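Geometric and topological summary
These are the residues of each chain, in order.
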Amino acid sequence: MENQLFTFTVFSENQVGLLNQISIIFTRRCLNIESLSVSPSSIKGVSKFTITCFGDRPMMERVVKQIEKRIDVIKAYLYTDDEIVYQEIALYKVPTEALLDDSAVEEIIRRHNARILEITREYVILEKTGHQEETEALFIELEKYDISQFVRSGRVAVTKSPRELLSMYLEEQELRKSRSRQ
Amino acid sequence: MKEKISGADALMRSLISEGVDLVFGYPGGSIIPVYDKLYDYQDKLKHILVRHEQGATHAAQGYARVSGRPGVVIVTSGPAATNIITGVGDALMDSTPLVVITGQVATPFLGFDAFQETDVVGITQPLSKWSCQVRRAEDIPRAVARAFYIASTGRPGPVVIDLTKDAQTGMMEFDYEKCDFIRSYNPSPDIDAADVARVADLINSSERPMILSGHGVMISGAEKGLAALAEKADIPVAATLLGLSTMPSDHPLYKGMLGMHGNIGPNINTNRADLLIAVGMRFDDRITGNVKTYAPQAKIVHIDIDASEFDKNIATTATIHGDARKVLEALIPHIKERKHAEWLATFDEPERVEREKVVMREVYPSGGRMTMGEVVNKVSEATGNRAIVVTDVGQNQMFSARYSRFTEPRSMVTSGGLGTMGFGLPAAIGAKMGAPERTVCFFTGDGGLQMTIQELGTILEYQTDVKIILLNNNFLGNVRQWQSLFFNDRFSQTPLVNPDFVMIANAYGISAENVETRDELDAAIDRMVKHDGAYLLNVNIDETDMIFPMTPAGANVDHIMLTPTECYPID
């Protein structure tokens, strides 16, 4: 089975310790999390984890079921890149002097659609959003200017599906609640 | 204004609101306020003082397994909390409902490496169904309500509540509401009618079906449904280790135990069946052997409450997600009455071979020293096959599983998934407390008994009527067997120098006797069964005794050793 990059989106109650519960599911199976980001979702009180990981589909499907089995996890979904719109952000810190000495800087920034966030006498901070290959491409170009710091965020992703699966699920749960209390 | 009570008091009232009348535990610094309040509730909440916190968890497991109700454990922080880990992990593997309450240092000390502080939530997360820390008295009732709901519904399991000392002493207004809904957790999924129809078709069109009955059948109380399904469609039934006693041993369709030391018929026919119907079981590697060669010819139907078990170890053809009892009730009306006489007859030859090659030697030896099989068989006979059988782990466990016969459900308590040596003695104590009207026979080895032997003190204190059959070969027998078969008889660290177990039992006020030879065995078992109270038989077993048949770890399910040198089928 071919390894490929999968994106997990996990919706959970906003509770201390959830991150650990989710991450140990990967650790135990010797799976390396490539990137991870956590934020509030569009639904109040629900946190959204976006996790990327390389693996084969059967293993990833087992993992998503194990995640969903955790009591405080509301729902977990597994996606390949074609099913989602995703983005990452990268920051680059470059010595000002190096950039000043080279007239190609403007061209690089334009071509990569990067932004300058800060300029001081000592350094310049650039920002670029995009897919990993795109932020990586800028990194490679800037390497000759002695990048002193570089960081790339975890992936954030939303689905291309017209139906909001989580909202539907939560509506079903409300029905279940009223049914069980009748 | 409402009366204000302490968090410790709220815990007592919450437990009573959940119908708890028995808890297993051990006091200590960070749980003293709870024990102080327990003093006022002794008439409603009986506390069993074990001799080690691990024992509390296994006793609670034994209690839960025979009664179906969550076992409750109360211990302190730090080392007590680390001592419960084995029991919590065992309960997770074997789907046993436990509610474990650990004391914790007061909130201001959390994270400062305070005396007896340990990260209980952190260490129990991978081993429990759910764990949480409660830091305020007013949060106790809700946490307890959720804990019982989570532990006992769906696929049962252990939950841990870590209760800080200031939460125990803080004051709150008590109000209790049982939990019956958590939006992120649906323990009783609706059964999909299309799945039921698909499975019914598969069963109705199969020529060589076999049912694999697991622990889930017992947990959901599906024993009658299971028998009804088997009888209607004339399907042979095999049980997993934890599924033993889901069908009476003498039922004509019951064909024995699956797995590494199971019966030949169900194991060999796993790779001949055209349909396996797995109910409440999880295709453990001790059942499947090599998964690549496991039942490649068969369609696989999997019925389970835990959807994460589907396609985990074995790829399925069809699944039904739900409670086994409800699923079987929904399924049976769609099942056609069938006869599978020819298929059923294929179990006869392996059964005959097993009897000739293994059972006769084990259960009816013509001479030599005593074997574990004959002892288990005689105890089963002497108790009318009605006892609850509790085992430790190792050869004693496999012999107990093979040669005990069962007439009623919830009669087998053993550590399956985790395989915890030392499980048995405390579990037997808990089992007796969970089913006081039944006889509890605990089979153990000299290794496992000594891992939790301090619980003889619990038997002494509560006069618990547990019959202890020590199958004593002065060896770690199961490891010895592997060393003998696969490691050239190099018995590395497996011989044991043992104490006088009869003297030890007597020191705890427990009647005991040595059984040195076969001619003493019947009378000794008779005395044990008739004795009013706990009893220990120290039976002198041949250390060369091995458990067969055996499918070596990782071998194909139909690779079955009958003796160290012979495999099935016999030429």
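Because the structure is predicted, anything quoted here is derived from the model rather than measured.

**So, the overall build of chain A**
Looking only at helices and strands, chain A has six helices and nine strands in total. In terms of C-alpha radius of gyration, chain A reaches 21 Å, well past the compact-globule figure of 16 Å for 182 residues. By its C-alpha atoms, chain A is 75 × 35 × 30 Å across when sized along the principal axes. With 182 residues in all, chain A has 24% of them scored as buried. Restricting to contacts in chain A with at least 6 residues of sequence separation, those with at least 24 account for 77%.

**With respect to the pairing of strand β4 (residues 71-75) of chain B**
Residue and element names in this part refer to chain B. Counted residue by residue, β4 has five buried out of five residues, so it is predominantly covered. Burial along β4 is two-sided: Gly71, Val73 and Val75 facing one way and Val72 and Ile74 facing the other are all buried. Summarising the sheet, strand β2 (residues 22-25) and β4 pair through two bridges and their orientation is parallel. Looking at the pairing, Gly25 lines up with Ile74 of β4. Strand direction decides the pairing type here: β4 and strand β5 (residues 98-104), joined by five bridges, are parallel. Within the sheet, the bridge partner assigned to Gly71 lies in β5 and is Leu98.

**Observations regarding the sheet that holds strand β11 (residues 254-257) of chain B**
Adjacent strands of a sheet form backbone hydrogen bonds with each other and so pair up, either parallel or antiparallel. Residue and element names in this part refer to chain B. In space, the six strands of this open sheet follow the order β11-β10-β9-β12-β13-β14, with parallel pairing throughout. For this open sheet the edge positions go to β11 and β14 (318-321), each flanked by a neighbour on one side alone. Averaged over all pairs of adjacent strands, the angle between strand axes in this sheet comes to 20°, irrespective of strand direction. Sheet topology note: the strand β9 (residues 209-213)/strand β10 (residues 237-239) ladder contains three bridges and is parallel. Bridged to Ser213 within β10 is Ala239.

**A closer look at the pairing of strand β6 (residues 115-119) of chain A**
Residues and elements named next belong to chain A. Among the five residues that make up β6, zero are buried, leaving the element largely open to the surroundings. Across four bridges, β6 lies against strand β7 (residues 123-130) in antiparallel orientation. Directly across from Arg115, in β7, lies its bridge partner Glu127.

**What to know about helix α19 (residues 424-434) of chain B**
Most of α19(B) sits inside the fold, with eleven of its eleven residues counted as buried. Residues Gly424(B), Leu425(B), Pro426(B), Ala427(B), Ala428(B), Ile429(B), Gly430(B), Ala431(B), Lys432(B), Met433(B) and Gly434(B) constitute the buried set of α19(B).

**Re the interface of chain B and chain A**
Tallying the contact residues gives 17 residues for chain B and 18 residues for chain A. Each residue belonging to the side of chain B that touches chain A can be placed in one class, and the counts come to eight nonpolar, five polar and four charged.

**A closer look at helix α16 (residues 348-363) of chain B**
Residue and element names in this part refer to chain B. The terminal C-alpha atoms of α16 lie 19 Å apart, and with 16 residues this falls more than 12% below the ideal 22 Å at 1.5 Å per residue. The largest bend along α16 reaches roughly 45° and is located at Arg355. Looking at α16, one finds that the buried residues are Pro350, Val353, Glu354, Val358 and Glu362.

**Regarding the environment of Ile459(B)**
Residues and elements named next belong to chain B. With respect to the helices and strands, the residue Ile459 is situated in helix α21 (residues 456-462). For Ile459, a count of 25 C-beta atoms within 10 Å puts it in the buried group. C-alpha of Ile459 to C-alpha of Gly533: the two residues are 74 residues apart in sequence and 9.5 Å apart in space. Filtering out sequence-adjacent residues up to four positions away, Ile459 remains in contact with Ile429, Thr464, Val466, Tyr508, Ile510 and Ala534.

**Considering the domain arrangement of chain B**
All names here are of chain B. Once the domains are mapped, chain B shows domain 1 (4-173), domain 2 (193-348) and domain 3 (369-541). Distance between the C-alpha centres of domain 1 and domain 3: 30 Å. The partner domain 3 presents 26 residues to the 24 residues of domain 1 that form the contact. For the side of domain 1 that touches domain 3, the elements supplying multiple residues, two or more each, are β2, β3 (46-49), α3 (53-67) and α5 (85-93). Element by element, the count of residues in the side of domain 1 that touches domain 3 is highest for α3, at eleven residues. Here the residues of the side of domain 1 that touches domain 3 are counted per class, giving ten nonpolar, ten polar and four charged.

**Thoughts on the packing of helix α17 (residues 372-382) of chain B against helix α24 (residues 521-530) of chain B**
Helix-helix packing is characterised by the crossing angle of the two axes and by the distance between the axes. All names here are of chain B. Where α17 meets α24, the closest approach of the two axes is 10 Å, and the angle between their N-to-C directions is 45°. Taken together, the axis directions place α17 and α24 in an arrangement best described as oblique. The interaxial crossing formed by α17 with α24 has right-handed handedness. Side by side, α17 and α24 meet where Val375, Lys378, Val379 and Ala382 of the first sit next to Leu521, Asp522, Ile525, Asp526 and Val529 of the second. For the contact of α17 with α24, a count of residues per class yields six nonpolar, no polar and three charged.

**Description of the packing of helix α11 (residues 223-233) of chain B against helix α14 (residues 324-331) of chain B**
Residues and elements named next belong to chain B. At a minimum axis separation of 9 Å, α11 and α14 run at an interaxial angle of 30°. The way α11 lies across α14 gives a crossing that is left-handed. Of the residues in α14, those touching α11 at Gly225, Leu226 and Leu229 are Arg325, Leu328, Glu329 and Leu331.

**Some words on the confidence of the model for chain B**
Looking at chain B as a whole, the pLDDT averages 97, with 100% of positions reaching at least 70. This prediction of the complex comes with two scores: 0.96 for pTM and 0.92 for ipTM.

**Topic: the environment of Pro495(B)**
All names here are of chain B. One can find Pro495 in the loop between α22 (477-486) and α23 (501-507). Residue classification places Pro495 among the partly exposed residues on the basis of 13 C-beta atoms within 10 Å. The sequence separation of Pro495 and Asn474 amounts to 21 residues, and the corresponding C-alpha distance is 6.1 Å. When neighbours within four sequence positions are excluded, Pro495 is seen to be in contact with Asn474 and Phe475.

The rules behind each value
Each chain has its residues counted from 1, running along the sequence as written. Chain A is the first chain written and ligand 1 is the first ligand written, with later ones labelled in order. A pLDDT threshold of at least 70 governs which residues receive local features in this predicted model, and a stricter bar of 80 or more applies before side-chain atom pairs are shown or counted, although totals over entire chains, interfaces and linings include all residues. By definition, any uninterrupted DSSP run of H or I lasting at least four residues is a helix, any uninterrupted run of E lasting at least two residues is a strand, and each is numbered from the N terminus. Put simply, the radius of gyration uses C-alpha atoms, and a globule should come to 2.2 Å times the residue count raised to 0.38. Burial in this document is a count-based property: other C-beta atoms within 10 Å of a residue's C-beta are tallied, and the residue is buried at 20 or more, exposed at 12 or fewer, or partly exposed in between, with C-beta positions derived from the backbone. Note on contacts: each residue gets a C-beta atom placed from the backbone, and two residues are in contact if those atoms are within 7 Å. Paired strands are those between which DSSP finds at least two bridges. Between N-to-C directions, angles cover 0 to 180 degrees, with each direction set by a line fitted to C-alpha atoms, over the stretch in contact for helices. Nonpolar residues are Ala, Val, Leu, Ile, Met, Phe, Trp, Tyr, Cys and Pro. Charged residues are Asp, Glu, Lys and Arg, and all others, Gly as well, are polar. Multiplying 1.5 Å by the helix residue count minus one yields the expected span of that helix. Here the bend at a residue is taken as the angle between two axes, fitted respectively to the seven residues that end there and the seven that start there. Throughout the structure description, domain borders are defined by an automatic or database domain assignment. Angles below 35 degrees are treated as roughly parallel, those above 145 as roughly antiparallel, those between 65 and 115 as roughly perpendicular, and all remaining angles as oblique. Two helices cross in a left-handed way if the nearer one is turned anticlockwise from the farther one by less than a right angle. They cross in a right-handed way if the turn is clockwise. Residue-level confidence of the predictor, termed pLDDT, takes values from 0 up to 100.

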